[in-house]
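Residue-level listing of the chains:
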Amino acid sequence: ANRSRTMEATLIPGDGIGPEITEAVLQVLEALGAPFVWDVQQAGTTAVEAGLDPLPDATLESIRRTGLALKGPLTTPSSGGYRSVTVRMREAFDLYANVRPGKTIIPGRYDNVDIILVRENLEGLYVGREHYIGVGADPHAVGVGIGINTKEEAHRVIRYAFDLAVRLGRKRVTVVHKANILKILSGVFLEAAQEVARDYHGRVTLDESIVDACAMQLVMAPERFDVIVTTNLFGDILSDLIAGLVGGLGLAPGANIGDKAAIFEAVHGSAPDIAGKGVANPTALLMAVGMMLDHVGETAKANHLRAAILATLQAGEKTRDLGGSLRTPEFAQAIIRSLQKPR
Ligand code: NAD
(Lines give C-alpha, C1' and ligand atoms only; values in the text may rest on other atoms or scores of the structure.)
Protein backbone atom coordinates (compact mmCIF):
# COMPACT_ATOMS: atom_id res chain seq x y z
CA ALA A 1 0.00 0.00 0.00
CA ASN A 2 1.06 3.56 -0.61
CA ARG A 3 2.51 5.14 2.52
CA SER A 4 3.44 8.75 1.97
CA ARG A 5 4.54 9.55 5.51
CA THR A 6 4.67 7.75 8.83
CA MET A 7 4.05 8.84 12.39
CA GLU A 8 4.38 7.10 15.70
CA ALA A 9 1.21 6.46 17.69
CA THR A 10 0.47 4.54 20.87
CA LEU A 11 -1.75 1.47 20.62
CA ILE A 12 -3.53 0.01 23.66
CA PRO A 13 -5.38 -3.16 22.59
CA GLY A 14 -7.35 -3.16 25.87
CA ASP A 15 -9.42 -5.74 27.72
CA GLY A 16 -12.21 -8.17 26.81
CA ILE A 17 -12.97 -7.89 23.09
CA GLY A 18 -10.20 -5.25 22.79
CA PRO A 19 -7.48 -7.53 21.38
CA GLU A 20 -9.87 -9.13 18.83
CA ILE A 21 -11.16 -5.87 17.42
CA THR A 22 -7.64 -4.36 17.51
CA GLU A 23 -6.34 -7.26 15.41
CA ALA A 24 -9.10 -6.65 12.86
CA VAL A 25 -8.31 -2.92 12.81
CA LEU A 26 -4.59 -3.52 12.24
CA GLN A 27 -5.34 -5.74 9.23
CA VAL A 28 -7.63 -3.13 7.72
CA LEU A 29 -5.09 -0.34 8.33
CA GLU A 30 -2.36 -2.36 6.67
CA ALA A 31 -4.53 -2.62 3.55
CA LEU A 32 -5.43 1.07 3.75
CA GLY A 33 -1.79 2.14 4.02
CA ALA A 34 -2.39 4.16 7.17
CA PRO A 35 0.63 6.18 8.28
CA PHE A 36 0.77 4.98 11.88
CA VAL A 37 3.74 3.13 13.33
CA TRP A 38 2.42 1.61 16.53
CA ASP A 39 4.02 1.59 19.95
CA VAL A 40 1.95 -1.14 21.66
CA GLN A 41 1.32 -0.55 25.36
CA GLN A 42 -0.82 -2.06 28.10
CA ALA A 43 -3.51 -0.71 30.42
CA GLY A 44 -6.50 -1.93 32.40
CA THR A 45 -7.04 -5.51 33.55
CA THR A 46 -4.50 -6.72 31.01
CA ALA A 47 -1.82 -4.62 32.74
CA VAL A 48 -2.93 -5.71 36.24
CA GLU A 49 -2.69 -9.36 35.19
CA ALA A 50 0.87 -8.69 34.00
CA GLY A 51 1.68 -7.40 37.51
CA LEU A 52 1.59 -3.72 36.53
CA ASP A 53 -0.42 -0.67 37.57
CA PRO A 54 -3.73 -0.41 35.64
CA LEU A 55 -2.19 2.66 34.00
CA PRO A 56 1.54 1.84 33.77
CA ASP A 57 4.17 4.60 33.55
CA ALA A 58 5.42 3.19 30.25
CA THR A 59 1.96 3.71 28.74
CA LEU A 60 1.77 7.27 30.02
CA GLU A 61 5.28 8.01 28.72
CA SER A 62 4.44 6.59 25.32
CA ILE A 63 1.38 8.82 24.94
CA ARG A 64 3.35 11.80 26.23
CA ARG A 65 5.89 11.19 23.47
CA THR A 66 3.51 10.41 20.58
CA GLY A 67 0.64 12.72 21.55
CA LEU A 68 -1.60 10.30 19.68
CA ALA A 69 -3.21 7.06 20.81
CA LEU A 70 -5.76 4.44 19.78
CA LYS A 71 -7.26 2.72 22.78
CA GLY A 72 -9.31 -0.44 23.03
CA PRO A 73 -11.94 -0.70 25.76
CA LEU A 74 -10.70 -1.08 29.34
CA THR A 75 -12.59 -2.93 32.06
CA THR A 76 -13.42 -0.93 35.17
CA PRO A 77 -14.93 -2.98 38.01
CA SER A 78 -17.76 -0.98 39.66
CA SER A 79 -16.60 -1.95 43.14
CA GLY A 80 -13.16 -1.87 44.76
CA GLY A 81 -10.88 1.14 44.95
CA TYR A 82 -10.08 0.94 41.25
CA ARG A 83 -10.43 4.33 39.58
CA SER A 84 -11.42 4.23 35.91
CA VAL A 85 -8.27 4.11 33.77
CA THR A 86 -10.09 5.95 31.01
CA VAL A 87 -10.89 8.81 33.41
CA ARG A 88 -7.29 8.83 34.71
CA MET A 89 -5.95 9.13 31.16
CA ARG A 90 -8.23 12.06 30.44
CA GLU A 91 -6.88 13.80 33.52
CA ALA A 92 -3.22 12.91 32.86
CA PHE A 93 -3.27 14.51 29.41
CA ASP A 94 -5.82 17.26 30.06
CA LEU A 95 -8.15 15.81 27.41
CA TYR A 96 -10.92 18.33 27.90
CA ALA A 97 -13.21 17.58 24.96
CA ASN A 98 -14.83 14.25 24.23
CA VAL A 99 -16.15 14.28 20.67
CA ARG A 100 -18.74 11.69 19.69
CA PRO A 101 -20.25 11.84 16.22
CA GLY A 102 -23.56 10.06 15.68
CA LYS A 103 -24.35 9.70 12.00
CA THR A 104 -26.69 7.28 10.28
CA ILE A 105 -24.50 4.91 8.29
CA ILE A 106 -26.85 1.99 7.84
CA PRO A 107 -30.62 2.18 7.50
CA GLY A 108 -32.08 1.85 10.95
CA ARG A 109 -34.70 3.48 13.04
CA TYR A 110 -33.68 6.96 11.89
CA ASP A 111 -32.26 7.87 8.52
CA ASN A 112 -30.94 11.40 8.67
CA VAL A 113 -29.12 11.68 11.97
CA ASP A 114 -25.87 13.64 11.81
CA ILE A 115 -25.07 14.90 15.29
CA ILE A 116 -21.73 15.71 16.84
CA LEU A 117 -21.84 15.63 20.60
CA VAL A 118 -19.04 17.38 22.50
CA ARG A 119 -18.88 16.32 26.11
CA GLU A 120 -16.94 18.15 28.83
CA ASN A 121 -14.45 15.49 29.83
CA LEU A 122 -12.76 16.53 33.09
CA GLU A 123 -15.26 18.01 35.53
CA GLY A 124 -18.89 17.81 36.62
CA LEU A 125 -19.88 14.75 38.62
CA TYR A 126 -16.81 12.86 37.38
CA VAL A 127 -14.32 14.62 39.67
CA GLY A 128 -14.48 11.57 41.94
CA ARG A 129 -15.32 13.37 45.17
CA GLU A 130 -17.68 10.96 46.83
CA HIS A 131 -18.14 9.86 50.40
CA TYR A 132 -20.53 8.17 52.78
CA ILE A 133 -22.09 9.60 55.90
CA GLY A 134 -22.91 7.06 58.57
CA VAL A 135 -26.18 7.13 60.47
CA GLY A 136 -26.57 4.93 63.55
CA ALA A 137 -25.14 1.48 62.86
CA ASP A 138 -25.09 1.91 59.08
CA PRO A 139 -21.81 3.47 57.87
CA HIS A 140 -23.25 3.68 54.34
CA ALA A 141 -26.55 5.31 55.23
CA VAL A 142 -25.98 8.40 53.08
CA GLY A 143 -24.07 8.72 49.80
CA VAL A 144 -22.65 12.09 48.83
CA GLY A 145 -21.17 13.06 45.48
CA ILE A 146 -19.81 16.50 44.63
CA GLY A 147 -19.92 18.00 41.15
CA ILE A 148 -17.61 20.80 40.06
CA ASN A 149 -17.95 22.93 36.92
CA THR A 150 -15.58 25.84 36.39
CA LYS A 151 -16.15 28.74 34.02
CA GLU A 152 -12.63 28.35 32.69
CA GLU A 153 -13.11 24.70 31.71
CA ALA A 154 -16.61 25.34 30.38
CA HIS A 155 -15.33 28.19 28.18
CA ARG A 156 -12.57 25.95 26.81
CA VAL A 157 -14.80 23.02 25.83
CA ILE A 158 -17.66 25.20 24.56
CA ARG A 159 -15.20 27.17 22.44
CA TYR A 160 -13.94 23.86 21.07
CA ALA A 161 -17.51 22.95 20.09
CA PHE A 162 -18.10 26.30 18.36
CA ASP A 163 -14.76 26.12 16.51
CA LEU A 164 -15.62 22.58 15.41
CA ALA A 165 -18.98 23.86 14.12
CA VAL A 166 -17.22 26.60 12.15
CA ARG A 167 -14.64 24.16 10.76
CA LEU A 168 -17.32 21.71 9.61
CA GLY A 169 -19.66 24.38 8.26
CA ARG A 170 -22.33 23.67 10.85
CA LYS A 171 -24.70 26.38 11.94
CA ARG A 172 -26.03 25.50 15.36
CA VAL A 173 -24.67 24.48 18.75
CA THR A 174 -27.14 23.28 21.39
CA VAL A 175 -26.00 23.59 24.99
CA VAL A 176 -27.67 20.91 27.11
CA HIS A 177 -28.08 21.71 30.80
CA LYS A 178 -30.26 21.36 33.89
CA ALA A 179 -29.88 24.91 35.18
CA ASN A 180 -33.54 25.05 36.21
CA ILE A 181 -32.75 22.68 39.09
CA LEU A 182 -28.94 22.65 39.43
CA LYS A 183 -28.88 26.43 39.30
CA ILE A 184 -25.21 26.72 40.18
CA LEU A 185 -23.54 23.52 38.97
CA SER A 186 -25.33 23.51 35.62
CA GLY A 187 -25.94 27.27 35.61
CA VAL A 188 -22.21 28.00 35.31
CA PHE A 189 -22.00 25.89 32.16
CA LEU A 190 -25.06 27.52 30.58
CA GLU A 191 -23.76 31.00 31.34
CA ALA A 192 -20.37 30.10 29.85
CA ALA A 193 -22.15 28.97 26.66
CA GLN A 194 -24.01 32.26 26.41
CA GLU A 195 -20.71 34.14 26.84
CA VAL A 196 -18.83 32.11 24.22
CA ALA A 197 -21.74 32.34 21.73
CA ARG A 198 -21.33 36.14 21.54
CA ASP A 199 -17.97 35.65 19.79
CA TYR A 200 -19.63 33.58 17.07
CA HIS A 201 -22.54 35.90 16.45
CA GLY A 202 -23.75 35.67 12.84
CA ARG A 203 -21.78 32.46 12.20
CA VAL A 204 -23.07 29.86 14.66
CA THR A 205 -26.23 30.17 16.75
CA LEU A 206 -26.63 28.88 20.28
CA ASP A 207 -29.69 26.85 21.25
CA GLU A 208 -30.43 25.95 24.85
CA SER A 209 -32.05 22.67 25.85
CA ILE A 210 -32.84 21.15 29.24
CA VAL A 211 -31.45 17.64 29.40
CA ASP A 212 -34.75 15.80 30.01
CA ALA A 213 -36.50 17.60 27.14
CA CYS A 214 -33.42 17.07 25.00
CA ALA A 215 -33.54 13.30 25.60
CA MET A 216 -37.13 13.25 24.37
CA GLN A 217 -36.43 15.44 21.34
CA LEU A 218 -33.45 13.27 20.41
CA VAL A 219 -35.81 10.31 20.16
CA MET A 220 -38.67 12.18 18.46
CA ALA A 221 -36.71 14.27 15.95
CA PRO A 222 -32.96 13.66 16.08
CA GLU A 223 -32.42 15.17 12.63
CA ARG A 224 -33.08 18.59 14.15
CA PHE A 225 -29.82 18.51 16.13
CA ASP A 226 -26.49 19.64 14.78
CA VAL A 227 -23.66 20.11 17.34
CA ILE A 228 -24.42 19.48 21.02
CA VAL A 229 -22.17 20.60 23.90
CA THR A 230 -22.82 19.48 27.45
CA THR A 231 -21.38 18.57 30.82
CA ASN A 232 -19.68 15.27 31.61
CA LEU A 233 -22.56 13.11 32.94
CA PHE A 234 -25.23 14.36 30.54
CA GLY A 235 -22.76 13.89 27.68
CA ASP A 236 -22.03 10.34 28.77
CA ILE A 237 -25.71 9.42 28.77
CA LEU A 238 -26.81 11.34 25.66
CA SER A 239 -23.92 10.07 23.56
CA ASP A 240 -24.99 6.47 24.23
CA LEU A 241 -28.57 7.47 23.42
CA ILE A 242 -27.38 8.94 20.10
CA ALA A 243 -25.31 5.81 19.42
CA GLY A 244 -28.54 3.83 19.87
CA LEU A 245 -30.35 6.05 17.36
CA VAL A 246 -27.81 5.29 14.65
CA GLY A 247 -27.36 1.56 15.06
CA GLY A 248 -25.89 0.82 18.47
CA LEU A 249 -22.64 0.84 20.37
CA GLY A 250 -20.91 -1.38 17.83
CA LEU A 251 -20.74 1.58 15.43
CA ALA A 252 -19.96 4.58 17.65
CA PRO A 253 -16.48 6.15 17.87
CA GLY A 254 -15.17 8.81 20.24
CA ALA A 255 -12.18 11.12 20.52
CA ASN A 256 -10.66 12.58 23.68
CA ILE A 257 -9.02 15.82 22.63
CA GLY A 258 -6.52 18.00 24.46
CA ASP A 259 -3.97 20.57 23.36
CA LYS A 260 -1.02 18.17 23.75
CA ALA A 261 -2.52 14.75 23.09
CA ALA A 262 -5.54 13.05 21.57
CA ILE A 263 -6.82 9.57 22.36
CA PHE A 264 -9.27 7.80 20.05
CA GLU A 265 -11.55 4.97 21.17
CA ALA A 266 -14.77 3.11 20.62
CA VAL A 267 -17.64 4.33 22.81
CA HIS A 268 -18.48 0.75 23.86
CA GLY A 269 -16.81 -1.17 26.69
CA SER A 270 -14.91 -4.45 26.84
CA ALA A 271 -18.07 -6.58 26.28
CA PRO A 272 -17.10 -9.42 28.64
CA ASP A 273 -20.20 -11.37 27.57
CA ILE A 274 -18.79 -11.97 24.08
CA ALA A 275 -15.03 -11.64 24.70
CA GLY A 276 -12.89 -14.35 23.10
CA LYS A 277 -15.73 -15.63 20.90
CA GLY A 278 -14.58 -13.93 17.71
CA VAL A 279 -17.94 -12.23 17.09
CA ALA A 280 -17.24 -8.64 18.19
CA ASN A 281 -17.88 -5.80 15.78
CA PRO A 282 -14.71 -3.77 15.09
CA THR A 283 -16.60 -0.95 13.30
CA ALA A 284 -16.58 1.50 16.23
CA LEU A 285 -12.82 1.19 16.67
CA LEU A 286 -12.37 1.51 12.88
CA MET A 287 -14.51 4.66 12.88
CA ALA A 288 -12.30 5.93 15.73
CA VAL A 289 -9.30 5.41 13.46
CA GLY A 290 -11.19 7.44 10.84
CA MET A 291 -11.38 10.32 13.33
CA MET A 292 -7.69 9.81 14.11
CA LEU A 293 -6.80 10.06 10.41
CA ASP A 294 -8.88 13.25 10.14
CA HIS A 295 -7.09 14.60 13.21
CA VAL A 296 -3.65 14.18 11.62
CA GLY A 297 -4.79 15.64 8.31
CA GLU A 298 -5.09 12.33 6.40
CA THR A 299 -8.60 13.18 5.20
CA ALA A 300 -8.42 11.19 1.96
CA LYS A 301 -7.51 7.98 3.82
CA ALA A 302 -10.18 8.68 6.45
CA ASN A 303 -12.82 9.06 3.74
CA HIS A 304 -11.60 5.96 1.91
CA LEU A 305 -11.88 3.95 5.13
CA ARG A 306 -15.39 5.23 5.92
CA ALA A 307 -16.57 4.56 2.37
CA ALA A 308 -15.31 0.97 2.58
CA ILE A 309 -17.03 0.41 5.94
CA LEU A 310 -20.26 1.88 4.61
CA ALA A 311 -20.20 -0.21 1.42
CA THR A 312 -19.50 -3.37 3.40
CA LEU A 313 -22.38 -2.79 5.80
CA GLN A 314 -24.73 -1.74 3.02
CA ALA A 315 -23.90 -4.96 1.15
CA GLY A 316 -25.29 -6.77 4.21
CA GLU A 317 -21.87 -8.01 5.35
CA LYS A 318 -22.25 -7.61 9.10
CA THR A 319 -21.31 -9.03 12.45
CA ARG A 320 -23.85 -10.67 14.75
CA ASP A 321 -24.76 -7.55 16.77
CA LEU A 322 -26.10 -5.97 13.55
CA GLY A 323 -28.05 -9.06 12.56
CA GLY A 324 -25.34 -10.53 10.35
CA SER A 325 -23.35 -13.73 10.66
CA LEU A 326 -19.74 -12.72 9.91
CA ARG A 327 -17.10 -13.37 12.52
CA THR A 328 -14.69 -10.55 13.38
CA PRO A 329 -11.85 -11.64 11.02
CA GLU A 330 -14.32 -12.33 8.17
CA PHE A 331 -15.79 -8.87 8.55
CA ALA A 332 -12.28 -7.36 8.48
CA GLN A 333 -11.59 -9.24 5.24
CA ALA A 334 -14.86 -7.93 3.75
CA ILE A 335 -13.77 -4.37 4.52
CA ILE A 336 -10.34 -5.02 3.00
CA ARG A 337 -11.99 -6.29 -0.20
CA SER A 338 -14.17 -3.20 -0.23
CA LEU A 339 -11.10 -0.93 0.22
CA GLN A 340 -9.56 -2.50 -2.86
CA LYS A 341 -12.59 -1.96 -5.09
CA PRO A 342 -12.42 1.13 -7.34
CA ARG A 343 -14.96 3.64 -6.15
P1 NAD B 1 -20.21 -2.80 26.94
O2 NAD B 1 -20.21 -1.67 25.98
O3 NAD B 1 -18.92 -3.51 27.12
O4 NAD B 1 -21.30 -3.88 26.49
C5 NAD B 1 -22.70 -3.60 26.38
C6 NAD B 1 -23.36 -4.59 25.41
O7 NAD B 1 -22.99 -4.26 24.07
C8 NAD B 1 -22.91 -6.02 25.62
O9 NAD B 1 -23.99 -6.90 25.39
C10 NAD B 1 -21.85 -6.24 24.57
O11 NAD B 1 -21.73 -7.57 24.13
C12 NAD B 1 -22.34 -5.33 23.43
N13 NAD B 1 -21.20 -4.79 22.67
C14 NAD B 1 -20.37 -3.78 23.05
N15 NAD B 1 -19.43 -3.57 22.12
C16 NAD B 1 -19.67 -4.46 21.13
C17 NAD B 1 -19.02 -4.73 19.88
N18 NAD B 1 -17.93 -4.03 19.46
N19 NAD B 1 -19.52 -5.72 19.11
C20 NAD B 1 -20.60 -6.42 19.50
N21 NAD B 1 -21.27 -6.20 20.66
C22 NAD B 1 -20.79 -5.23 21.47
O23 NAD B 1 -20.74 -2.25 28.32
P24 NAD B 1 -20.71 -2.91 29.78
O25 NAD B 1 -21.00 -4.37 29.66
O26 NAD B 1 -21.57 -2.05 30.60
O27 NAD B 1 -19.23 -2.71 30.28
C28 NAD B 1 -18.22 -3.73 30.29
C29 NAD B 1 -16.90 -3.14 30.81
O30 NAD B 1 -16.41 -2.15 29.91
C31 NAD B 1 -17.03 -2.47 32.17
O32 NAD B 1 -15.91 -2.82 32.94
C33 NAD B 1 -16.98 -0.99 31.84
O34 NAD B 1 -16.47 -0.22 32.89
C35 NAD B 1 -16.08 -0.96 30.65
N36 NAD B 1 -16.27 0.21 29.75
C37 NAD B 1 -15.15 0.76 29.22
C38 NAD B 1 -15.26 1.81 28.32
C39 NAD B 1 -14.00 2.39 27.73
O40 NAD B 1 -12.91 1.88 27.97
N41 NAD B 1 -14.09 3.43 26.95
C42 NAD B 1 -16.52 2.30 27.97
C43 NAD B 1 -17.67 1.70 28.52
C44 NAD B 1 -17.53 0.64 29.42
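Basis of the calculations
Residues numbered from 1 in each chain as written. Predicted model: local features only at pLDDT ≥ 70, side-chain atom pairs only at ≥ 80, totals over all residues. Axes fitted to C-alpha atoms, helices over the stretch in contact; angles between N-to-C directions. Helix = DSSP H or I, 4+ residues; strand = E, 2+ residues; numbered from the N terminus. Parallel < 35°, antiparallel > 145°, perpendicular 65-115°, else oblique. Left-handed = near helix turned anticlockwise from the far one by under 90°. Contact = placed C-beta atoms within 7 Å. Nonpolar A, V, L, I, M, F, W, Y, C, P; charged D, E, K, R; others polar. pLDDT = per-residue confidence, 0-100. Pairing = 2+ DSSP bridges. Near = placed C-beta within 6 Å. Expected span 1.5 Å × (residues − 1). Buried ≥ 20, exposed ≤ 12 C-beta atoms within 10 Å, placed from the backbone. Arc of directions from axis to C-beta.

Chemist: Got a sec to walk through the packing of helix α1 (residues 18-32) against helix α9 (residues 283-295)? Specific residues and values, please.
Modeler: Relative orientation of the contacting elements α1 and α9 amounts to 45°, with a least axis distance of 9 Å. By the angle between their axes, α1 is oblique relative to α9. Remark: the crossing between α1 and α9 carries right-handed chirality. Residue-level inspection shows Ile21, Thr22, Val25, Val28 and Leu29 of α1 in contact with α9, the latter providing Leu285, Leu286 and Val289. Residue composition of the contact of α1 with α9, grouped by class: 7 nonpolar, 1 polar and no charged.

Chemist: So, the confidence of the model for the chain: which residues are in play, and what are the values?
Modeler: Considering every residue of the chain, the mean pLDDT works out to 94; 97% of them sit at 70 or more. Here the predicted complex carries an ipTM of 0.96, next to a pTM of 0.91.

Chemist: An account of the sheet that holds strand β1 (residues 7-12) is requested, with residue identities and associated values reported.
Modeler: Working definition: the strands of a sheet are paired by backbone hydrogen bonds and lie parallel or antiparallel to each other. Ordered by their spatial adjacency, 10 strands build an open sheet running β2-β1-β3-β12-β11-β4-β5-β10-β8-β9, and the pairing between neighbours is mixed. Lying at the two open borders of the sheet, with one neighbouring strand each, are β2 (36-40) and β9 (205-210). The sheet shows a mean angle of 25° between the axes of neighbouring strands, taken without regard to direction. Note that β1 and β2 share 5 bridges and pair parallel. What sits directly across from Ala9, in β2, is Trp38.

Chemist: I'd like a rundown of the site of the ligand, residues and numbers included.
Modeler: Close to the ligand lie 21 residues; Thr76, His268, Gly269, Ala271 and Asn281 are nearest. Split into classes, the residues belonging to the shell around the ligand amount to 10 nonpolar, 8 polar and 3 charged.

Chemist: Tell me about helix α11 (residues 328-340), and please be specific about residues and values.
Modeler: For α11, spanning 13 residues, the distance from its first C-alpha to its last is 19 Å, which sits close to the expected 18 Å at 1.5 Å a residue. When we look at burial in α11, the residues that qualify are Thr328, Phe331, Ala332, Ala334, Ile335, Ser338 and Leu339. The arc enclosing the buried residues of α11, seen along the axis, measures out at 155°, which places them on a common side.

Chemist: Can you explain the pairing of strand β11 (residues 253-257)? Please cite residues and give values.
Modeler: In terms of burial, β11 is largely enclosed, as 5 of its 5 residues are buried. Neither face of β11 is exposed, since Pro253, Ala255 and Ile257 on one face and Gly254 and Asn256 on the opposite face are all buried. Bridge count between β11 and strand β12 (residues 262-266): 5 bridges; the pairing is antiparallel. Pairing of Ala255 across the sheet is with Phe264, part of β12. Here β11 folds back onto β12, and the loop between the two strands holds 4 residues.

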